[in-house]
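Descriptive analysis of the structure
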Amino acid sequence: MIKIIALLTLCSISFGCASTAPKKCTTPPKPDAPAGLLQGEYKLNPTFSDEFENGYDASRWNKFYKNWDGRIGMFHFAQKNVDVRDGKLVLTARAEDPAKVDPKLVAEGKGRYSTAISRSKTRVHYGYFEVKFKSMNACVCNAFWLNDPLDPPKKYRPGDKIEEIDIFEVFGKCNKKPKKPNDPPIDRTYFTTTHVADTPYVESKVWLGREVEGKKLRVNESFSERYHTGGLLWTPEKLIWILDGKVVDERPNKSFHRPMYLNINCEVMIPWGGEPDHKDLPAEFKIEYVRVWQKK
């Protein structure tokens, strides 16, 4: 009996079991990435990793984006649309009655739809980033991304760069045809994109000299049908995108060498995917976990 108690105690200490949770032996999670991709000793960073088993952790995440409340003519972010249920982060998109929305948001054309964002409170620098997700079955963009290396007022002044890495952007359901005939349907595409622009920069309003690099990976089913894993290896030398354990995109890291915030969100993107069918709303983007590994 003494040996069993000692073993359980050792297990809970080794793998950081929460004091409020039952003590059980579990092995540390491994990334869903090709063997040998993560060169060197990588360790799970608990500050940016969450299994969502104990509700929404406001010590690590914000339900808002401090300098951005939505896109003009399309939507606003609402904290009511961020929740944790059944051990999953749930981000909801809704059609709204503008009469019940903040008049300022309505005046900016953001009153028809509300969406959601979960954003890290601090910045993270290099590592392997992964979520297990199931997109909403609606024409709403579901995304996992890194951005914003500059604090105000520096980002609002000329002379610097603003940067963004989109680990993925997906749509669960859209009827709009792609702009180019050979492109895959929007809701059967895994978008991997980077953005670099000159400052001053203001979210969804001012993008000066923006340089965009992206790839469009065709998939055979809607991301709303089942759970997938999406990841990115970000090192000083390269960017490697992973989908369901396979490398789907790789580029040299030419620009991204400063810490950035980690974001999971959903957005109504009318010029890109079209307007969502109100019969499909409310709709939910579900994330089973977010995990970040970094070199020791």
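Here, the structure is the one placed above.
Described below are features of the structure shown in this document.

The rules behind these values
The numbering scheme is per chain: residues are counted from 1 as the chain's sequence reads. Only residues with pLDDT of at least 70 get local features here, since the model is predicted, and only at 80 or more are side-chain atom pairs given and counted; chain-wide, interface and lining totals rely on the full set of residues. Calculation of side-chain values draws on the structure's entire complement of heavy atoms; hydrogens and water are dropped beforehand. Here, nonpolar core means buried Ala, Val, Leu, Ile, Met, Phe, Trp, Tyr and Cys residues that are tied together by side-chain atoms lying within 4.5 Å of each other. Burial here depends on accessible area, computed with a 1.4 Å probe over protein chains only, as a share of the maximum for the residue type. Under 20% is buried, over 50% is exposed, and the range in between is partly exposed. Put simply, DSSP marks the helices as runs of H or I at least four residues long and the strands as runs of E at least two long, and each gets a number from the N terminus on. We call two residues in contact whenever any of their non-hydrogen atoms come within 4.5 Å of each other. The rule for pairing is simple: two strands pair if DSSP sees at least two bridges between them. What counts as a salt bridge is simple: a side-chain nitrogen of Lys or Arg found within 4 Å of a carboxyl oxygen of Asp or Glu. Cysteine sulfur atoms are paired as a disulfide whenever they fall within 2.5 Å. Here a Phe, Tyr or Trp ring, Trp counted by its six-membered ring, pairs with any other such ring whose centre lies within 6.5 Å, and the pair is stacked when the planes are under 30 degrees apart, edge-to-face when over 60, and tilted otherwise. Remark: a charge is flagged as sitting over a ring if the NZ atom of Lys or the CZ atom of Arg is within 6 Å of the ring centre and within 35 degrees of the ring normal. We call two N or O atoms a polar contact when they sit within 3.5 Å, provided that within protein one can donate a hydrogen and the other can accept it, with sequence-adjacent residues counted only if both atoms are side-chain atoms.

Topic: the nonpolar core
Counting residues in each nonpolar core, the largest one holds 55 residues, and the members touching the most others are Leu 146 and Trp 234. Residue contributions to this core peak at 5 residues, all from strand 17 (residues 283-295). Leaving out residues up to four positions away in the same chain, Trp 234 has contacts with Val 124, His 125, Tyr 126, Gly 127, Phe 129, Leu 146, Ile 165, Leu 239, Asn 253, Phe 256, Arg 258 and Met 260. Counting 9 residues, the second largest nonpolar core, distinct from the first, contains Leu 37, Tyr 42, Ile 240 and Ile 242.

Side note on the pairing of strand 15 (residues 246-252)
Judged from the 6 bridges that link them, strand 14 (residues 238-243) and strand 15 form a sheet pairing that is antiparallel. In the sheet register, Lys 238 faces strand 15, and the bridge partner there is Pro 252. Between strand 14 and strand 15, which pair antiparallel one after the other, the connecting turn spans 2 residues, and Asp 244 there sits at a positive phi close to 50°.

Observations regarding the pattern of salt bridges
Taken as a whole, this structure holds 29 salt bridges when the rule is applied. For Asp 83, the salt bridge is made with Arg 85, and the minimal N-O distance between the two is 3.7 Å. Overall, the relative accessible area of 33% leaves Asp 83 in the partly exposed class. For Arg 85, a relative accessible area of 34% translates into the label partly exposed. Across the salt bridge formed by Arg 251 and Asp 249, the nearest N and O atoms sit 2.5 Å from each other. The pair Arg 251 / Asp 249 is uniform in exposure class, with both members buried. Put simply, Asp 69, Lys 104, Glu 108 and Lys 110 are held in one network by salt bridges that share partners.

Side note on the environment of Val 170
Along the chain, Val 170 falls in strand 10 (residues 161-171). Residue Val 170 is classed as buried on the basis of its relative accessible area, which comes to 0%. With 84 residues separating them in the primary sequence, Val 170 and Lys 254 have C-alpha atoms 25 Å apart. Excluding residues within four positions of it along the chain, Val 170 makes contact with Phe 133, Ser 135, Val 140, Cys 141, Asn 142, Thr 189, Tyr 190 and Phe 223.

Remarks on the state of the cysteines
The bond known as a disulfide is covalent and runs between the sulfur atoms of two cysteines. Within this structure, the stated rule accounts for 1 disulfide. One disulfide bridge connects Cys 139 with Cys 174, the sulfur atoms lying 2.1 Å from each other. With the S-S bond torsion at 95°, the cross-link from Cys 139 to Cys 174 turns out right-handed. Note that Cys 139 is positioned in the loop between strand 8 (127-134) and strand 9 (141-147) and Cys 174 in the loop between strand 10 and strand 11 (189-202), a separation of 35 residues in sequence. Here Cys 141 stays free of any disulfide, with the sulfur of Cys 174 as its closest cysteine sulfur at 8.9 Å. This cysteine, Cys 266, is not joined by any disulfide, and Cys 141 carries the nearest cysteine sulfur, 9.0 Å off.

A closer look at the packing of aromatic side chains
Taken as a whole, this structure holds 16 aromatic pairs when the rule is applied. A network of ring pairs unites the aromatic residues Phe 133, Phe 144, Phe 168, Tyr 190, Phe 223 and Phe 285 as a single cluster. Above the plane of the ring of Tyr 56 lies Lys 63, whose end atom (NZ or CZ) is 5.1 Å from the centre. When the ring centre of Tyr 289 is taken as reference, the NZ or CZ atom of Arg 291 above it lies at 3.5 Å.

Describing the pairing of strand 16 (residues 261-267)
In terms of residue burial, strand 16 counts as a mostly covered element, since 7 of its 7 residues are buried. What you see with strand 16 is no split at all: Tyr 261, Asn 263, Asn 265 and Glu 267 on one side and Leu 262, Ile 264 and Cys 266 on the other are buried throughout. In this structure, strand 7 (residues 113-120) lies alongside strand 16, joined through 4 bridges in antiparallel fashion. Considered in strand 16, the bridge of Ala 116 is made with Cys 266.

Structural notes on the environment of Asn 265
The residue Asn 265 is located in strand 16 in this model. For Asn 265, a relative accessible area of 1% gives the class buried. Sequence separation between Asn 265 and Leu 91 is 174 residues; the distance between their C-alpha atoms is 7.0 Å. Apart from the residues lying within four places of it in its own chain, the contact partners of Asn 265 are Phe 77, Leu 91, Ala 116, Ile 117, Cys 141, Asn 142, Ala 143, Trp 145 and Phe 285. Within polar-contact distance, the side chain of Asn 265 engages the side chain of Trp 145 at 2.9 Å.

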